[in-house]
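Tertiary structure, described
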Amino acid sequence: MHRKNYIRNLKKEILELKEKRNAVILAHNYQRPEIQDIADVLGDSITLSLKAKDTNKDVIIYCGVDVQADIAKILNPEKIVLLPDINAKCPMALMLYLDDLKKAKKNNPRSETLLYTNTPTVMKAYGDCLTTSANITEVAGRMKTDTIVWASDIHMADYVAEKSGKKVIPISEEVVCPVHNQLSLEDLISAMEKYPTAEVLAHPECLSEIRKRARHLASTEGILRYCQQSDMKEFIIATENGLLYRLKKEIPNKEFYPASETAICTAMKGITLERLRDSLKEMKYQIEIPRYILDKARKAIEKSGW
Ligand code: 13P
Ligand code: SF4
């Protein structure tokens, strides 16, 4: 009871502060249940970016990782964008180095460069186009060159090459999302044996052996839409497990099972109600991006057709 009162008061405080600051709370589908519950908008990277672009609020609280909050700031340089947890840094983005990107561009002078949203801020000034998992096939398709230099996850590189028919050159062969990369075929097969009538849905950051067994590959929002529209009643979900909370809440008449119990992104889970409250109270941690990066990244987004 004591805990319940504490949470109720905390939520009330957050809602009051949100009013006072004229803020909107955006939360990624991988966020903790309590953050999903208090958010104004839930979504994948692109949904949240587009919502950030459209908002008339003064402050955007981005409950996700730093590199995604960057995009909200790039699209709204005049607004305050807050990331409630200073340590919410995408571990995959931390595997990417600007020198590798510069080298790959130099070695492939006739190729355009495609960057994933989950790349470090500084790199965002060096891409011809910028993409999320939801629009990657279309963005790659609209690029002028048949060979593309790619900065981010190597499994996404395979995925976009398969889908677009283009040659995709990753700037490093070592970059993976640790959450999707640890999701093994053994885990998936044991889930499939346990739930033989369930359909498998996967995020394109998964290994190729997982992608091959999936009925449908999509961003987190794409997975949600597929489950809403499908006639099937049971699904095995191969992505970060935060999405299952939203699926179960919004589609209560169907069953959802994780492909792996351990697919959890700790960077995403660092945002708590307390940190959200403190963020609104103290207006921290503000996303700041040097103007030259911001302008170039915005041009890359515009060129990508978002
Ligand atoms: P979405 O593009 O589906 O939001 O995925 C983002 C992400 O962090 C994948 O791991
Ligand atoms: Fe980064 Fe993977 Fe976490 Fe997404 S799930 S934020 S790509 S580490």
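Please refer to the structure higher up on the page.
Since we're looking at a predicted model, the values are computed, not measured.

1. A look at the site of ligand 2
The environment of ligand 2 is formed by Tyr30, Val65, Cys90, Pro91, Met92, Asn118, Cys177, Pro178, Val179, Glu205, Cys265 and Met268. Applying the majority rule of atoms within 2 Å of the grid points places ligand 2 in the largest cavity. Across the shell around ligand 2, the residue classes break down as ten nonpolar, one polar and one charged.

2. What to know about the packing of aromatic side chains
To describe a pair of aromatic rings, you give the distance between the ring centres and the angle between the ring planes. One pass over the full model with this rule turns up three aromatic pairs. Their ring planes at 0° and their centres at 3.5 Å tell us that Tyr195 and Tyr257 sit as a pair that is stacked. Here the residue Tyr195 occupies a position in the loop between helix 9 (185–194) and strand 9 (199–202), and Tyr257 occupies one in strand 12 (residues 255–258), the gap between them amounting to 62 residues. Judged by its relative accessible area of 21%, Tyr195 is partly exposed. Overall, Tyr257 belongs to the buried group, its relative accessible area being 13%.

3. Notes on the nonpolar core
Nonpolar side chains tend to gather and get buried jointly when the protein is soluble and globular. Within the largest apolar cluster, 75 residues are counted, with the highest numbers of intra-cluster contacts made by Leu26, Leu114, Leu130, Trp150, Ile171, Ile210 and Ile236. Top element by residues in this core is helix 4 (residues 66–75). It accounts for six residues. In this structure Leu26 touches Val41, Leu48, Lys51, Ala52, Ile60, Ile61, Tyr62 and Cys63, once residues within four positions along its chain are discounted. Listed in part, the 19 residues of the second largest apolar core include Leu17, Ile25, Leu280 and Met283.

4. Some points on the site of ligand 1
Neighbouring residues of ligand 1: 13 residues in total, closest His28, Ser45, Ser133, Glu205 and Thr220. A distance of 2.6 Å is found between an oxygen atom of ligand 1 and a side-chain nitrogen or oxygen belonging to Ser133. At a separation of 2.9 Å, an oxygen atom of ligand 1 approaches a polar backbone atom of Thr220. Notes on ligand 1: free accessible area 300 Å², of which the protein chains cover 96%. Taken atom by atom, the bulk of ligand 1 overlaps the largest cavity. Here the shell around ligand 1 is composed, by residue class, of two nonpolar, nine polar and two charged.

5. Considering the sheet that holds strand 4 (residues 80–82)
Strand order in the open sheet made by the four strands is 2-1-3-4, with parallel pairing throughout. The open sheet has two edge strands, strand 2 (41–43) and strand 4, and neither has a second partner. Strand-to-strand, the axes of this sheet are offset by a mean angle of 20°, without reference to chain direction. Across three bridges, the pairing between strand 1 (residues 23–28) and strand 2 is parallel. The residue of strand 2 that forms the bridge with Leu26 is Val41. Packing against the sheet, helix 3 (residues 45–54) makes contact with strand 1, strand 2 and strand 3 (59–63), and its axis sits at approximately 145° to strand 2.

6. Examining the pairing of strand 7 (residues 147–151)
A large share of strand 7 lies buried, amounting to four of its five residues. Bridge analysis of strand 5 (residues 112–116) against strand 7 gives four bridges, and the strand direction is parallel. For Leu114, the partnering residue across the bridge sits in strand 7 and is Trp150. For strand 7 and strand 8 (residues 167–170), the ladder comprises four bridges, and the chain directions are parallel. By the bridge assignment, Val149 is partnered in strand 8 with Ile169. Regarding the hand of the β-α-β motif, the stretch spanning strand 7, helix 7 (residues 154–164) and strand 8 is right-handed.

What counts, and at which threshold
- Along each chain, numbering runs from 1 in the same order as the chain's sequence is written.
- Following the order in which they are written, the chains are lettered starting with A and the ligands numbered starting with 1.
- Reporting of local features is limited, given that this is a predicted model, to residues whose pLDDT is at least 70; pairs of side-chain atoms are given and counted only at 80 or more, and all residues count toward the totals for whole chains, interfaces and linings.
- Calculated side-chain values reflect all of the structure's heavy atoms, with hydrogen atoms and water omitted.
- By convention in this text, a residue qualifies as near a molecule or strand provided that one of its non-hydrogen atoms is within 4 Å of it.
- Method remark: on a 1 Å grid restricted to protein atoms, a set of points is classed as a cavity if a 1.4 Å probe fits but cannot get out and as a pocket if it is open with protein on both sides within 12 Å along at least five of seven lines; lining residues have an atom within 4 Å of a point.
- Any molecule with more than half of its atoms within 2 Å of a cavity's or pocket's grid points is regarded as sitting in that cavity or pocket.
- Under the grouping applied here, Gly and all other residues not named as nonpolar or charged are polar, the nonpolar ones being Ala, Val, Leu, Ile, Met, Phe, Trp, Tyr, Cys and Pro and the charged ones Asp, Glu, Lys and Arg.
- Aromatic rings from Phe, Tyr and Trp, with only the six-membered ring used for Trp, were paired whenever their centres fell within 6.5 Å, and each pair was classed as stacked if the ring planes differed by under 30 degrees, edge-to-face if by over 60, and tilted otherwise.
- Only DSSP runs of H or I covering at least 4 residues are called helices, and only runs of E covering at least 2 are called strands; the numbering of each starts at the N terminus.
- Exposure classes here rest on a 1.4 Å probe applied to the protein chains alone. A residue is buried below 20% of its type maximum, exposed above 50%, and partly exposed in between.
- By nonpolar core is meant a set of buried Ala, Val, Leu, Ile, Met, Phe, Trp, Tyr and Cys residues that side-chain atoms within 4.5 Å join together.
- Any two residues whose heavy atoms approach within 4.5 Å at even a single point are treated as in contact.
- Whenever a nitrogen or oxygen atom comes within 3.5 Å of another N or O atom, the pair is scored as a polar contact, on the condition that within protein one atom can donate a hydrogen and the other can accept it, and that pairs from neighbouring residues in sequence are kept only if both atoms are in side chains.
- Here, Shrake-Rupley sampling with a 1.4 Å probe gives the accessible areas, and only protein chains in the shown set may cover a residue.
- In this scheme, strands are said to pair when DSSP sees at least two bridges between them.
- Interaxial angles span 0 to 180 degrees and are taken between N-to-C directions of axes, which are lines fitted to C-alpha atoms, for helices over the stretch in contact.
- Convention used here: a crossover is right-handed provided that the path from the first strand, over the helix, to the second strand proceeds clockwise when the strands point away from the viewer.

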